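Examination of the molecular architecture
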Amino acid sequence: MITVHDIYNVVDEIAPFRYAEKSDNSGLIIGDKKSMCKTALLCLDITDKMIDKAIKMGAEVIISHHPIIFNPIKSISSDSIYAKLIKHNISAICAHTNLDMASGGINDIIAKKLNVKIITECIETAIEIPYYQIAVFVPVENIEQVYQAMTKAGAGTLGNYSGCAFYTEGTGTFLPLEGSHAYIGEVGKRESVREARIEMILPQSKRFDVIQSMLDVHPYEKPAYNLSKNYAIMEQLGFGKIGELETEMLAKDFAEYLKKTFDNPCIRYNDTGRKIKKVAFCSGSGGSLLNYVIASGADAFVTGDVKHDQFVDADNAGLAVFDAGHFYTENIILESLKNTLAGKFPELNIIIENSNVLSFAK
């Protein structure tokens, strides 16, 4: 049976809660980790309507991007949405800034949807995390098999290079004991084998996948390997990214492209007259990054909640800003989140609901 704790752990693997901003409130906000779950509702905001839908469908947990409790509250009335969740035993897991910054998080989804080549991983860096270095011992005849599995899982990528590894050959020795099922050798007899030590680097976010992939193909019953932090190489996590479009566009054409990309009926923008190739983007409300984007030399900046004065400052600097909407630039993460959870829990009923409270007059 699946528990809230199981679901929490998967979300934590995708976007570690420890990386959330200090002012943020991500994690299990309401509920009990021991509660059993058959149905999960995914949405951007936990509104009263979302809770009603969760009750109707029998969902035991709601997973949202925006925290249901962001600022401290001093009292809870019996008719509040918080009391409503507790009364109906519905847990609330919220992944906010940790999901904004995570590898494979919202901004990576935007990059895929815009079909851009990333040239800057973070507009503003919030966290630097050391890479890991893994070393595993394998029979020489199985080097390629193990190497390919680890590479496919995300090890060995450094800058514009992939599959980076170092091999050292030598002799491995071991004594199979009673109860072992040795790939090579016999119980009670010391064995010597020609082995190779494969060393590769990997970001922390890939360590579980790389280790599991290695174990899945390694011929030994109990492979010998070690994992250590490598502070010489740091993974940067932060807000927003910068990429390049395959072909440059006029501002009006790019606005139409964004309407289709984000399924947003209204894109607000300023037209500087420049063609757009280098694009900065940040999910949600990224107006505070405007000066960083101007300094980057980007042709355009895609985000949400853009203020009038920010449009004016950007236009004066020759930067086209496209307000694609806070909701629309973040709601796109739900499908990816659903796919990941479904892969871990095939028996879990997962439903995405639209929590957008805004409408547009035509």
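Before reading further, recall that the structure is shown in the block above.
Here goes a summary of the coordinates provided. (Residues numbered from 1 in each chain as written. Predicted model: local features only at pLDDT ≥ 70, side-chain atom pairs only at ≥ 80, totals over all residues. Heavy atoms only, no water.)

Details of the packing of aromatic side chains
A complete count under the given rule lists nine aromatic pairs for this structure. Look at Tyr 183 and Tyr 220: their rings are 6.3 Å apart centre to centre, the planes differ by 55 degrees, and that puts the pair in the tilted class. Taken as a pair, Tyr 183 in the loop between strand E9 (166–174) and strand E10 (191–202) and Tyr 220 in the loop between helix H7 (207–217) and strand E11 (225–239) lie far apart in primary sequence, 37 residues in all. Taking relative accessible area as the criterion, Tyr 183 reaches 44% and is therefore assigned partly exposed. An angle of 10 degrees between the planes, with centres 5.2 Å apart, marks the rings of Tyr 269 and Phe 322 as stacked. Linking Tyr 269 in strand E13 (residues 268–269) with Phe 322 in strand E16 (residues 320–323), this pair joins segments that are 53 residues apart in sequence. Lys 33 extends its terminal NZ or CZ atom over the ring of Tyr 8, reaching a point 4.2 Å from the ring centre. (Phe/Tyr/Trp six-rings, centres within 6.5 Å; stacked < 30°, edge-to-face > 60°. Helix = DSSP H or I, 4+ residues; strand = E, 2+ residues; numbered from the N terminus. Buried < 20%, exposed > 50% of the residue type's maximum accessible area, 1.4 Å probe, protein only. Lys NZ or Arg CZ within 6 Å of the ring centre and 35° of its normal.)

A closer look at the pairing of strand E4 (residues 39–43)
Burial analysis of E4 places five of its five residues in the buried class, the great majority of the element. Bridging between E4 and strand E17 (residues 349–352) involves four bridges; their strand directions are parallel. By the bridge assignment, Leu 41 is partnered in E17 with Ile 351. Direction of pairing for E4 relative to strand E5 (residues 61–64): parallel, over a ladder of four bridges. Following the sheet pairing, Cys 43 is matched in E5 by Ser 64. Handedness of the E4-helix H2 (residues 48–57)-E5 crossover: right-handed. (Pairing = 2+ DSSP bridges. Right-handed = clockwise from strand over helix to strand, strands pointing away.)

Describing the nonpolar core
Core analysis: the largest hydrophobic core is formed by 50 residues, its most contacted members being Ile 7, Phe 254, Phe 262, Val 302, Phe 322 and Leu 341. Ignoring anything within four residues of it in the chain, the contact list for Ile 7 reads Ile 2, Cys 37, Val 61, Ile 63, Ile 93, Leu 341, Phe 345 and Leu 348. Counting residues in hydrophobic clusters, the runner-up holds 20 residues, among them Tyr 19, Ile 123, Ile 129 and Ile 242. (Core = buried A, V, L, I, M, F, W, Y, C linked by side-chain atoms within 4.5 Å. Contact = heavy atoms within 4.5 Å.)

Topic: the sheet that holds strand E8 (residues 124–139)
Backbone-to-backbone hydrogen bonds join strands into a sheet, with any given pair of strands oriented parallel or antiparallel. Read from one edge of the open sheet, four strands run E9-E10-E8-E11, paired in antiparallel fashion. In this open sheet, the two strands that pair with only one neighbour each are E9 and E11. Within this sheet the neighbouring strands show an average axis-to-axis angle of 25 degrees, counted without direction. Bridge analysis of E9 against E10 gives nine bridges, and the strand direction is antiparallel. Following the sheet pairing, Gly 170 is matched in E10 by Glu 195. Strands E8, E9 and E10 of the sheet are contacted by helix H6 (residues 143–152), whose axis makes an angle of about 20 degrees with E10. (Axes fitted to C-alpha atoms, helices over the stretch in contact; angles between N-to-C directions.)

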